[in-house]
Amino acid sequence: MQPDELRNLYLNSFKKYGHAIVPSASIVPENDPTTLFTGSGMQPMMEYFLGAPHPKGTRIVNSQICFRSQDIEEVGDNRHTTFFEMLGNWSFGDYFKKEQLRWVFEFLTKNLGLDPQNLYVSAYEGNSKIGVDRDKETPAIWKKLFAEVGIVAEVVENAVEKGLQGGRIFYYGDGNWWSRAGAPKNMPAGEPGGPDSEIFYDFGVDRRLHENSEFKNKVCHINCDCGRFLEIGNSVFMQYQKQEDGSFAELPKKNVDFGGGFERILAVTQDEIDIFKTGLFSPIIMYLEKISGQKYNASEDSTRSFRVIADHMRAAVMLAANGVYPSNKKQGYFARRLVRRSIRYAKMIGIDQLFTADLVPVIVEIYKDSYPDVSQKLVQIQNALALEENKFVKTIEKGLKVIEKYQEAKESFVIDGITAFKLYETYGFPFELTQEIAQEKGQKISLEEFEIAKKLHSDQSRSSSADKFKGGLQDSSEQTTKYHTTTHLLHAALRKILGKHVQQKGSNITVDRLRFDFSHPQALTQEEKQKIQDQITTWIEAVLPVTVAHMSKEEALKSGAIAFFIEKYPDEVTVYTIGGKQDLTASAENLADSVQKTDENTSPDWISKEFCGGPHVKNTSEIGKIEIFREKAVSAGTRRLYLR
Ligand code: SER
């Protein structure tokens, strides 16, 4: 099946059920300052869930173009992309569970011809804390639908511990709740959300990634990410709204928000586990094969490079078609990263020529019938991407010259982390390239060294700009400052819960999330992650003061402060402390009360003390809600957590 066929089939199937087909909203949200990009189909529909009438009625169907900037570094496996389309059907106070589940099941099994034996589903087990009962209706509807095609579908619980247990319908906790903010407790007042029911496609037990040690000994269930099951769609029963007092009230009308992953559904219609082998990507891959002289799937590394370029170039084209061109500001910054990363990965598969301008028409061809504006802008898009490519190629040339000069000046010149950082800071020279050049010369630099130089630099510039921002922090700086303090809380929580072997290996903060690398031998369990998140939340809610002191390095070490790379710090250091009785006199009475409540019996009486240049929030209560939303391995012995 070709992409256009699938999209049209979906739209027309739901048209038959009385839905009005509407075009995709822009990938840049029009009236939503909280986010840079449309990241799900429901974002542009928010107001209609809350009661505003949609001009086209109460049943709507569309395919929404989306971009998830936070996934940029995840791309490279068989199913993640930054840009994607979400097939959506919407009931604004019209039909509900019974119709929704039947229609989506019939679409998948009858219109697309998927074997129902390969479909598995989930439902919400309820949460007494928020007063929402277990969703009994959804499994009953699924049971009936499966029975109609001759399948006895058993309802199963505790799949995380017990596995599949021969079941087909699985109850899960807050993972089966959907809102823009995630789980119920992370939702701000006023936000709508509700239980959902996901649909998974089973590629068969052989496709399970056994060789991947992370899953080797783990229990397999439909939500376990081992590769056997792929989530292809999600029906959200948007029926609650969080109240000021934290409780959940029914919205005036019950709504349905269905989101289906277009790329994934296209892949499963061919029983194809790799979305990059579908018609949405194969012309791009073929073009890359032609100009690189290499074959896709020749090795794991090159496969990853092909996927990154295919994803990033497609995303850059679709962003440009929506008016987002490479720059160093806001959305443009991501467009720039996409093009630059594509060029870097192209180099890795031996593409040395300029290629973006010639690749644009290949991508436009894929979308021209469904998104005519993309082909109308072909030349503009080509020019914008080629301009960025030329700039970046010049940057690389400049960087290479600088390295040569260093070498001429000093025979024993060694490329170290600080040099790599200088090249990056002054010329935008990517670390990986510096690393490659170092390697060619038989030298070695680690990302860690580079990150340290970067951190020292940003700490210094932050401290010196702290005065400038006093009294008028911009939104983004405020958010990154909150995340910065959160990294200290996270570090402390990890050391408390996992043990003192945990050491920070690096961190990276954007306005959307924080990323934290640390030493730890194995993947975190669900329980550990929950404990860590709860611990941080407790500290945030404990209204702990954050204080700063200047002292000698020796004094600082004696006081128990931890440093992330001790020898790199100057003799006079700045230490940030979170919590602690010594601060109580300086704090307001109510702060003192709450600090004592949480920390009275623990020793030492502060919870975190770290060498750091700042800036930080004055009090943990400023941070607000946080959640751990992803965990992965970076290398043997180093894990990575993402919080937002
Ligand atoms: N809003 C839900 C999601 O993004 C379904 O569309 O998964």
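You'll find the structure just up there.
Residues numbered from 1 in each chain as written. Predicted model: local features only at pLDDT ≥ 70, side-chain atom pairs only at ≥ 80, totals over all residues. Heavy atoms only, no water.

Section: the site of the ligand
Close contacts around the ligand come from Ser40, Met42, Met86, Trp178, Asn234, Val236, Asp257, Phe258 and Gly259, and that covers them all. In this structure, aspartate 257 approaches the ligand through a side-chain N or O atom, which is 2.6 Å from an oxygen atom. Glycine 259 has a polar backbone atom sitting 3.1 Å from an oxygen atom of the ligand. Relative to its unbound accessible surface of 230 Å², the ligand loses 93% to contact with the protein. (Near = heavy atom within 4 Å. Polar contact = N/O pair within 3.5 Å; in protein donor to acceptor, adjacent residues only side chain to side chain. Areas by Shrake-Rupley, 256 points an atom, 1.4 Å probe, with all protein chains shown as cover.)

Quick notes on the nonpolar core
Membership of the largest hydrophobic core comes to 106 residues, with the highest contact counts inside it found for Phe67, Leu119, Trp142, Ile232, Phe355 and Leu359. Broken down by element, this core gets its largest block of residues, 12 residues, from helix α9 (residues 300-321). Phenylalanine 355 has contacts with Tyr287, Ile291, Ile309, Met313, Ser342, Ile343, Ala346 and Glu389, leaving out every residue within four places of it along the chain. By size, the runner-up hydrophobic cluster in this structure holds 29 residues, among which are Leu489, Leu494, Leu514 and Ile536. (Core = buried A, V, L, I, M, F, W, Y, C linked by side-chain atoms within 4.5 Å. Buried < 20%, exposed > 50% of the residue type's maximum accessible area, 1.4 Å probe, protein only. Helix = DSSP H or I, 4+ residues; strand = E, 2+ residues; numbered from the N terminus. Contact = heavy atoms within 4.5 Å.)

Some words on the pairing of strand β10 (residues 248-261)
Alignment of strand β3 (residues 83-92) against β10, held across 7 bridges, turns out to be antiparallel. What sits directly across from serine 91, in β10, is valine 256. Across 9 bridges, the pairing between strand β9 (residues 229-242) and β10 is antiparallel. What sits directly across from asparagine 234, in β10, is glycine 259. Counted between consecutive antiparallel strands, the loop separating β9 from β10 contains 5 residues, among which glycine 246 sits at a positive phi close to 90°. (Pairing = 2+ DSSP bridges.)

Some words on helix α15 (residues 431-440)
Buried residues of α15: Phe431, Leu433, Thr434, Ile437 and Ala438, and no others. Projected down its long axis, α15 shows its buried positions confined to an angular sector of 165°, all on one face. Turned more than 90 degrees off the buried face of α15, the exposed positions are Gln439 and Glu440. Immediately beyond the C-terminal end of α15, within one or two residues, lies glycine 442, with a positive phi of roughly 75°. (Arc of directions from axis to C-beta.)

A look at the sheet that holds strand β17 (residues 638-643)
Strand order in the open sheet made by the 4 strands is β11-β12-β17-β16, with antiparallel pairing throughout. What marks the edges here is a single partner per strand, and that holds for β11 (504-509) and β16 (628-635). Across the sheet, the mean angle from the axis of one strand to that of its neighbour is 15°, orientation sign disregarded. Pairing of β11 with strand β12 (residues 514-519) involves 5 bridges; the strand directions are antiparallel. By the bridge assignment for β12, isoleucine 509 is matched with leucine 514. (Axes fitted to C-alpha atoms, helices over the stretch in contact; angles between N-to-C directions.)

A look at the packing of aromatic side chains
Following the criterion strictly, the structure yields 34 aromatic pairs and no others. Seen in terms of ring centroids, tryptophan 142 and phenylalanine 146 are 6.1 Å apart; in terms of plane orientation they differ by 40°. Their pairing is tilted. Here the residue tryptophan 142 and the residue phenylalanine 146 both occupy positions in helix α4 (residues 137-148), the gap between them amounting to 4 residues, near one helical turn. Given the relative accessible area of 1%, tryptophan 142 is considered buried. (Phe/Tyr/Trp six-rings, centres within 6.5 Å; stacked < 30°, edge-to-face > 60°.)

A closer look at the environment of glutamine 70
Mapped onto the elements of the fold, glutamine 70 is located in the loop between β2 (59-67) and β3. Taking C-alpha positions, glutamine 70 is 10.0 Å from phenylalanine 334, a pair spaced 264 residues apart along the chain.

Focus: the pattern of salt bridges
This model, assessed by the stated rule, comprises 27 salt bridges. Ionic pairing is found between arginine 7 and glutamate 85, a salt bridge with its closest N-O pair at 2.8 Å. Taken together, the residues arginine 7 in helix α1 (residues 3-16) and glutamate 85 in strand β3 connect sequence positions 78 residues apart. A residue is classified by how much of its surface remains accessible, and glutamate 85, at 0% relative accessible area, is buried. Residues glutamate 148 and arginine 102 are paired through a salt bridge, measuring 2.8 Å at the closest nitrogen-oxygen approach. With a gap of 46 residues between them, glutamate 148 in helix α4 and arginine 102 in helix α3 (residues 97-111) connect regions that are remote in the sequence. (Salt bridge = Lys/Arg side-chain N within 4 Å of Asp/Glu carboxyl O.)

Overview of the environment of leucine 400
Mapped onto the elements, leucine 400 comes out in helix α13 (residues 378-409). Separated by 339 residues in sequence, leucine 400 and valine 61 place their C-alpha atoms 52 Å apart. Not counting the four nearest positions on each side in its chain, leucine 400 is found in contact with Phe429 and Ile437.

Some words on unusual backbone geometry
Its identity as a non-glycine residue notwithstanding, aspartate 271 has a phi of 50°, on the positive side. Mapping aspartate 271 onto the fold places it in the loop between α7 (262-268) and α8 (282-292). The phi torsion at valine 543 lies on the positive side, around 55°, for a residue other than glycine. Secondary-structure assignment places valine 543 in the loop between α18 (526-541) and β13 (546-552).

Description of the side chain of glutamine 239
Relative to the assigned elements, glutamine 239 resides in strand β9. In this view, glutamine 239 contacts Phe96, Gly193, Gly194, Pro195, Ala249, Glu250, Leu251 and Lys254; residues no more than four positions away in its chain are not counted.

A closer look at the side chain of threonine 487
Turning to its location among the elements, threonine 487 is positioned in helix α17 (residues 475-497). Judged by its relative accessible area of 3%, threonine 487 is buried. A distance of 2.5 Å separates a polar side-chain atom of threonine 487 from the backbone oxygen of histidine 484. Once residues within four sequence positions are removed from consideration, threonine 487 is found in contact with Ile509, Leu514 and Phe516.

As for a negative patch on the surface
Among the surface-exposed residues, Glu554, Glu555, Asp571 and Glu572 lie close enough to one another that they form a single negatively charged patch. Along the chain, the position of glutamate 555 falls in helix α19 (residues 553-558). Note on glutamate 555: relative accessible area 49%, which makes it partly exposed. (Patch = residues over 30% accessible without salt bridge, like charges linked within 9 Å, V, L, I, M, F, W, Y side chains within 5 Å. Lys, Arg positive; Asp, Glu negative; His and termini not counted. Charge placed at Lys NZ, Arg CZ, Asp CG, Glu CD.)

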